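Summary of the model geometry
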Amino acid sequence: MISRSDVELDKLHQANAITVETLELLARTVEPGVTTAHLDRVASDNLRRHGVTPAFKGYHGFPATLCVSVNEEVVHGIPSRWRKLKEGDIVSLDFGCIVDGYYGDNATTVAVGRIDEEVARLLEVTEGALHAGIGAACPGNCISAIGQAVQTHAESHGYSVVREYGGHGIGTSLHAEPWIPNFYDPRKRTRLIPGAVIAIEPMVNRGSPDVRVKRDRWTVVTVDGSASAHFERSIAVMEGGPWILAEPRKQNSGIPGSEEDHV
Ligand code: MG
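Computed from a predicted structure; not experimentally measured.

**Comments concerning the overall build of the protein chain**
A count of helical and extended segments in the protein chain gives 4 helices and 15 strands. Relative to the globule expectation of 18 Å for 263 residues, the C-alpha radius of gyration of the protein chain, 17 Å, shows essentially globular dimensions. C-alpha atoms of the protein chain, sized along the principal axes, occupy 45 × 45 × 30 Å. Per-residue burial over the protein chain gives 55% buried out of 263 residues. Taking the intrachain contacts of the protein chain between residues at least 6 apart in sequence as the baseline, contacts between residues at least 24 apart amount to 69%. Carbon and sulfur atoms provide 48% of the accessible area of the protein chain, an area that totals close to 11,500 Å². One finds the centroid of the 26 positive side-chain charges in the protein chain at a distance of 6 Å from the centroid of its 34 negative side-chain charges.

The structure is reproduced here in structure tokens:
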């Protein structure tokens, strides 16, 4: 685990602010009839406008700027001009960019038109699980505290957390040590240090936690076909509590875990 300097934190803040701004633009673009390839184009156009580089394109050969995962797709869905969103779908948008060599990585799941109340609750609970995890990301806490908070929140609402994929360190590479499971793993005893930057990203399923990778070798889907939601924020572990890097930097007044109202 690396402690980042103020200069590095500023770069990471810039990269994550652009990433989340793009996700907000995408969320406003989502509507029935829009193709997932169109969303990818909106994302890459916005990056070009900022003059920054996409983080996912070409990563291990990933063919697009944006990961778009619909309904039972969990993560790593490939945008397609043949895939049209329809009323009642949910769509997970996972996106990253690079500013001066520093990475941003964030994700959100949005509704397409009107969605089933139960599915809306899945989105709410997954975002709640993300913020529970962020609240546990305080200096001195073990990595395991994050997954414990995420899992407790999701399971107390009757949902399950995906085991195979999780959060990660982030900085001058997209995925760095430590790996951050979304479930309680007592072996994850490394303690968080001030200045550490990590991405926390619960994937929460309505049904069983089991997932598989489709034949396109990217798209991860739930085995039982149940809906899945994904929310992610890159954060810095600060003395005064976690700093969600897409947001303006606060003075060291934060009480750990008190920032759950800020999304
Ligand atoms: Mg990530």
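**Describing the packing of helix 3 (residues 117–135) against helix 4 (residues 144–156)**
Between two packed helices, what matters for the description is the angle formed by their axes and the separation of those axes. One way to put it is that helix 3 packs onto helix 4 with a least axis distance of 8 Å and a crossing angle of 155°. When the axis of helix 3 is compared with that of helix 4, the two are roughly antiparallel. As helix 3 packs across helix 4, the resulting crossing turns out to be right-handed. Here Val-125, Gly-128, Ala-129, Ala-132 and Gly-133 of helix 3 come into contact with helix 4, specifically with Ile-146, Ala-149, Val-150, His-153 and Ala-154. A class-by-class count of the residues in the contact of helix 3 with helix 4 yields 7 nonpolar, 3 polar and no charged.

**Some remarks on the packing of aromatic side chains**
This model, assessed by the stated rule, comprises 1 aromatic pair. Between Phe-62 and Trp-218, the aromatic rings sit 5.0 Å apart at their centres with planes inclined by 85°, giving edge-to-face as the arrangement. Taken together, the residues span a long stretch of sequence, with Phe-62 in the loop between strand 1 (53–54) and strand 2 (66–70) and Trp-218 in the loop between strand 11 (211–213) and strand 12 (220–222) at a distance of 156 residues. Taking the relative accessible area as the measure of exposure, Trp-218 reaches 21% and is therefore partly exposed.

**Topic: the pattern of salt bridges**
Side chains that carry opposite charge are capable of pairing whenever their charged atoms lie near each other. For the structure on display, the rule yields 11 salt bridges. The salt bridge involving Arg-49 is made with Glu-21; its shortest N-O contact spans 3.4 Å. With a gap of 28 residues between them, Arg-49 in helix 2 (residues 36–50) and Glu-21 in helix 1 (residues 6–29) connect regions that are remote in the sequence. Among the salt bridges present, the one from Glu-155 reaches Arg-163, with a minimum N-O distance of 4.0 Å.

**With respect to the sheet that holds strand 13 (residues 228–230)**
On the basis of which strands lie adjacent, the open sheet formed by 3 strands has the order 6-10-13 and antiparallel pairing. The sheet terminates laterally at strand 6 (160–161) and strand 13, the two strands that pair on one side only. Pairing between strand 10 (residues 203–205) and strand 13: 3 bridges, direction antiparallel. The residue bridging Asn-205 from the neighbouring strand is Ser-228, located in strand 13. Against the sheet, helix 3 touches strand 10 and strand 13, its axis set at about 35° to strand 13.

**Here's the deal with the sheet that holds strand 12**
Spatially, 3 strands are ordered 3-12-11 in an open sheet, and the strand pairing comes out antiparallel. Of all strands in the sheet, those with a lone pairing partner are strand 3 (73–75) and strand 11, marking the two edges. On average, each strand axis in the sheet is tilted by 40° relative to the strand beside it, whichever way the strands run. Bridge count between strand 11 and strand 12: 3 bridges; the pairing is antiparallel. Opposite Val-211, over in strand 12, you have Thr-222 as the bridge partner.

**Examining the pairing of strand 4 (residues 90–99)**
Extensive coverage of strand 4 is indicated by the burial of 10 of its 10 residues. Of the two faces of strand 4, the one carrying Ile-90, Ser-92, Asp-94, Gly-96 and Ile-98 and the one carrying Val-91, Leu-93, Phe-95, Cys-97 and Val-99 are both buried. Relative to strand 4, strand 1 runs antiparallel, the two being bridged by 2 bridges. Bridge pairing links Thr-53 to Ile-98 in strand 4. Note: strand 2 against strand 4, 5 bridges, orientation antiparallel. Residue Val-68 lies in a different strand from strand 4, and its bridge partner there is Leu-93. Pairing between strand 4 and strand 5 (residues 102–111): 10 bridges, direction antiparallel.

What counts, and where the lines are drawn
Residues numbered from 1 in each chain as written. Predicted model: local features only at pLDDT ≥ 70, side-chain atom pairs only at ≥ 80, totals over all residues. Heavy atoms only, no water. Helix = DSSP H or I, 4+ residues; strand = E, 2+ residues; numbered from the N terminus. Rg over C-alpha atoms; globule rule 2.2 N^0.38 Å. Buried < 20%, exposed > 50% of the residue type's maximum accessible area, 1.4 Å probe, protein only. Contact = heavy atoms within 4.5 Å. Areas by Shrake-Rupley, 256 points an atom, 1.4 Å probe, with all protein chains shown as cover. Lys, Arg positive; Asp, Glu negative; His and termini not counted. Charge placed at Lys NZ, Arg CZ, Asp CG, Glu CD. Axes fitted to C-alpha atoms, helices over the stretch in contact; angles between N-to-C directions. Parallel < 35°, antiparallel > 145°, perpendicular 65-115°, else oblique. Left-handed = near helix turned anticlockwise from the far one by under 90°. Nonpolar A, V, L, I, M, F, W, Y, C, P; charged D, E, K, R; others polar. Phe/Tyr/Trp six-rings, centres within 6.5 Å; stacked < 30°, edge-to-face > 60°. Salt bridge = Lys/Arg side-chain N within 4 Å of Asp/Glu carboxyl O. Pairing = 2+ DSSP bridges.

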